[in-house]
Amino acid sequence: MKVLKFGGTSVGSAERMKKVAELIVAKKNIIVVLSAMSGTTNSLVEFANCLHQKKSDVATDLLLGLHEKYKQTVEELFSKDAFKQTADEMLSSHFNYLKQYTLDSFTLFEEKAVLAQGELLSTALFQLYLEEIGHTSALLPALNFMRIDKEEEPDHFYIKENLKRELDRQPGINCFITQGFICRNVYGEIDNLKRGGSDYTASIIGVAAQADEVQIWTDIDGMHNNDPRIVDKTSPIEHLSFDEAAELAYFGAKILHPSSIRPAKEANIPVRLKSTLQPEAEGTLITADLSGEGIKAIAAKSGITAVKIKSGRMLLAYGFLRKVFEIFESYKTPIDMITTSEVAVSVTIDDTTHLEKIVAELNEYGNVEVDHDQSIVCIVGDFTSPKTGIANQVFEALTETPIRMISYGGSNHNISILINSKDTKSALQALHNYLF
Ligand code: ADP
Ligand code: ASP
Ligand code: MG
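> Pulling in residues and values, what's your account of the pattern of salt bridges?
Counted according to the given criterion, the structure contains 22 salt bridges. A salt bridge links Arg 272 to Glu 213; the nearest nitrogen and oxygen atoms lie 2.9 Å apart. Separated by 59 residues along the polypeptide, Arg 272 in strand E9 (residues 271-275) and Glu 213 in strand E7 (residues 213-218) bring together distant segments of the chain. Judged by its relative accessible area of 24%, Arg 272 falls in the partly exposed class. The exposure class of Glu 213 is buried, given its relative accessible area of 9%. It is possible to trace a salt-bridge network through shared partners that takes in Arg 165, Glu 166 and Arg 169.

Next comes the structure, spelled out in structure tokens:
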């Protein structure tokens, strides 16, 4: 069994959906995970925001525009009238469901149900298209097996049991189509795995179905050695270890959802990144093996906040760090980077939901300074047997960039540097020019 995930661009138009169909018809024993058509989740987020702000006229217009776009897709995707009619009826039922919220009150729980419509629509259309071209397949409703627990972590046991039940219900089928991103929460309500979560769905299913490979098909030929949205002349990396890939995904390589490598790593399932636009390109293979020494790739994550706690009492004091960390822990706020000196500790966080309360509590232990708009630049590679000079190369490249924090030695495959976000583009380009 293989799991193949196709992202928003890959199913972003009738033409792209047909290409995906071409790619999968020759394959046997697959679970296909689809994202919403590109732009749809953003439109649904906008729709939900309008409803929260009680701008129901704007929301209605948005919905009409989106419905038109889908009608056009149906027109181009199907050639037989009977299929066009079935597809149009299907669209109407989804859009009528959405329309009701323009007339009524709107809650956060309903927002999640609204966001789920994108993946429900793309999978229903795609599966119907496979029917039209005579390829046997079946829908596998993600809401019947994909679930997160009270910590918002995937409930692997539940997922495995229920996925098996869903698969067993349709014997003889060897091509299943399911929704990425969407799930149920511990209360059984519709929820999701956060933006970009279809990659995560694919690896969770890969583990549950004991797949021999998870393939992430997207609009680029694999993980590049730098962010192609920011830097010129990046190139794809043939092979990465799970740890290297996880590090890049977590620190900003948008091609993968930050959590998507973890399940695959734990179950040792290879992950392959492929391009639907260039299917013949090799892409990137991610496995447990280490290959190639030295620096492999660079990524950057913006929206980082640095918190410095300066205390005379840290000097020679044990227990200080514990107290600091406990405060972050009590607000479920993960720390990404840490640096210490004799009188101060600096940490970075991504989630600032509870920042005010955290700072208030930290104030009991010392002077607290907060810097917003920071970016973590992460340099990833295999530094297990470091040729001397890896850190030196990095700092040589960054002579023009003011550096706020440095973290090296936490693992054998990462150097992280905190800089002001306004310097990100120039830092990434300078590192790229110097290192590659
Ligand atoms: P999908 O809709 O298929 O999930 P995404 O837009 O989420 O696709 O991810 C693919 C995009 O990730 C690419 O188009 C590229 O711009 C961006 N990206 C950012 N960093 C990297 C990187 N290091 N390697 C490859 N792509 C990257
Ligand atoms: N459709 C969702 C999003 O846009 C999930 C995904 O594409 O992975 O975030
Ligand atoms: Mg994505």
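Structure's up, so let's keep going.
> So what about the packing of helix H4 (residues 81-99) against helix H6 (residues 117-132)? Which residues, and what values?
At a minimum axis distance of 10 Å, the contact between H4 and H6 shows a crossing angle of 170 degrees. Classified by the interaxial angle, the pair formed by H4 and H6 is roughly antiparallel. Across the interface between the two elements, Phe 83, Thr 86, Ala 87, Met 90, Leu 91, His 94, Phe 95, Tyr 97 and Leu 98 of H4 pack against Gln 117, Leu 120, Leu 121, Ala 124, Leu 125, Leu 128, Glu 131 and Glu 132 of H6. When the residues that make up the contact of H4 with H6 are grouped by side-chain class, the tally is 12 nonpolar, 3 polar and 2 charged.

> Which residues make up the site of ligand 1, and what values go with them?
Every one of the 16 residues lining ligand 1 counts as a neighbour, but Lys 5, Thr 218, Asp 219, His 224 and Lys 254 are closest to it. Within the side chain of Asp 219, one N or O atom sits 2.8 Å away from an oxygen atom of ligand 1. Burial of ligand 1 by the surrounding chains reaches 87%, relative to a free accessible area of 570 Å². A per-class count over the shell around ligand 1 returns 5 nonpolar, 6 polar and 5 charged.

> Lay out the packing of helix H13 (residues 390-397) against helix H14 (residues 424-435) in plain terms, naming residues and giving numbers.
One can describe the packing of H13 onto H14 by two numbers: an axis separation of 8 Å at closest approach and a directional angle of 130 degrees. The angle between H13 and H14 falls in the class oblique. Every pair of crossing elements has a handedness; the one defined by H13 and H14 is right-handed. Of the residues in H14, those touching H13 at Gln 393, Val 394, Glu 396 and Ala 397 are Ala 430, Leu 431, Tyr 434 and Leu 435. Within the contact of H13 with H14, the residues separate by chemical class into 6 nonpolar, 1 polar and 1 charged.

> Lay out the sheet that holds strand E15 (residues 403-408) with the relevant residues and their values.
If you walk across this open sheet you meet the 6 strands as E12-E13-E11-E14-E16-E15, and the pairing is antiparallel. Across the chains shown, the open sheet's two edge strands, defined by having one partner strand only, are strand E12 (335-340) and E15. The mean inter-strand angle of the sheet, taken between neighbouring strand axes irrespective of direction, is 30 degrees. The strands touched by helix H11 (residues 320-330) within the sheet are strand E11 (294-310), E12 and strand E13 (344-349), with E13 carrying the most contacts at an inclination of about 25 degrees. Sitting on the sheet, H14 is in contact with E11, strand E14 (367-382) and strand E16 (414-420), with an inclination near 145 degrees to E11.

> Please give an account of empty space enclosed by the protein that cites residues and values.
Scanning the model with the defined rule gives 1 cavity of 30 Å³ or more in all. Size it by volume and the largest cavity reaches roughly 30 Å³. Taken together, Asp 199, Ser 203, Val 214, Ile 216, Leu 256, Ser 260, Ile 261 and Val 271 form the lining of the largest cavity. Elements supplying a minimum of two residues to the lining of the largest cavity: helix H8 (198-208) and E7. Partitioning the lining of the largest cavity into residue classes produces 5 nonpolar, 2 polar and 1 charged.

What counts as what
Residues numbered from 1 in each chain as written. Chains lettered and ligands numbered in written order. Predicted model: local features only at pLDDT ≥ 70, side-chain atom pairs only at ≥ 80, totals over all residues. Heavy atoms only, no water. Salt bridge = Lys/Arg side-chain N within 4 Å of Asp/Glu carboxyl O. Helix = DSSP H or I, 4+ residues; strand = E, 2+ residues; numbered from the N terminus. Buried < 20%, exposed > 50% of the residue type's maximum accessible area, 1.4 Å probe, protein only. Axes fitted to C-alpha atoms, helices over the stretch in contact; angles between N-to-C directions. Parallel < 35°, antiparallel > 145°, perpendicular 65-115°, else oblique. Contact = heavy atoms within 4.5 Å. Nonpolar A, V, L, I, M, F, W, Y, C, P; charged D, E, K, R; others polar. Near = heavy atom within 4 Å. Polar contact = N/O pair within 3.5 Å; in protein donor to acceptor, adjacent residues only side chain to side chain. Areas by Shrake-Rupley, 256 points an atom, 1.4 Å probe, with all protein chains shown as cover. Left-handed = near helix turned anticlockwise from the far one by under 90°. Pairing = 2+ DSSP bridges. 1 Å grid on protein atoms, 1.4 Å probe; cavity = no way out; pocket = protein on both sides within 12 Å on 5 of 7 lines; lining within 4 Å. Points joined across faces, edges and corners; volume = space filled by probe spheres on them.

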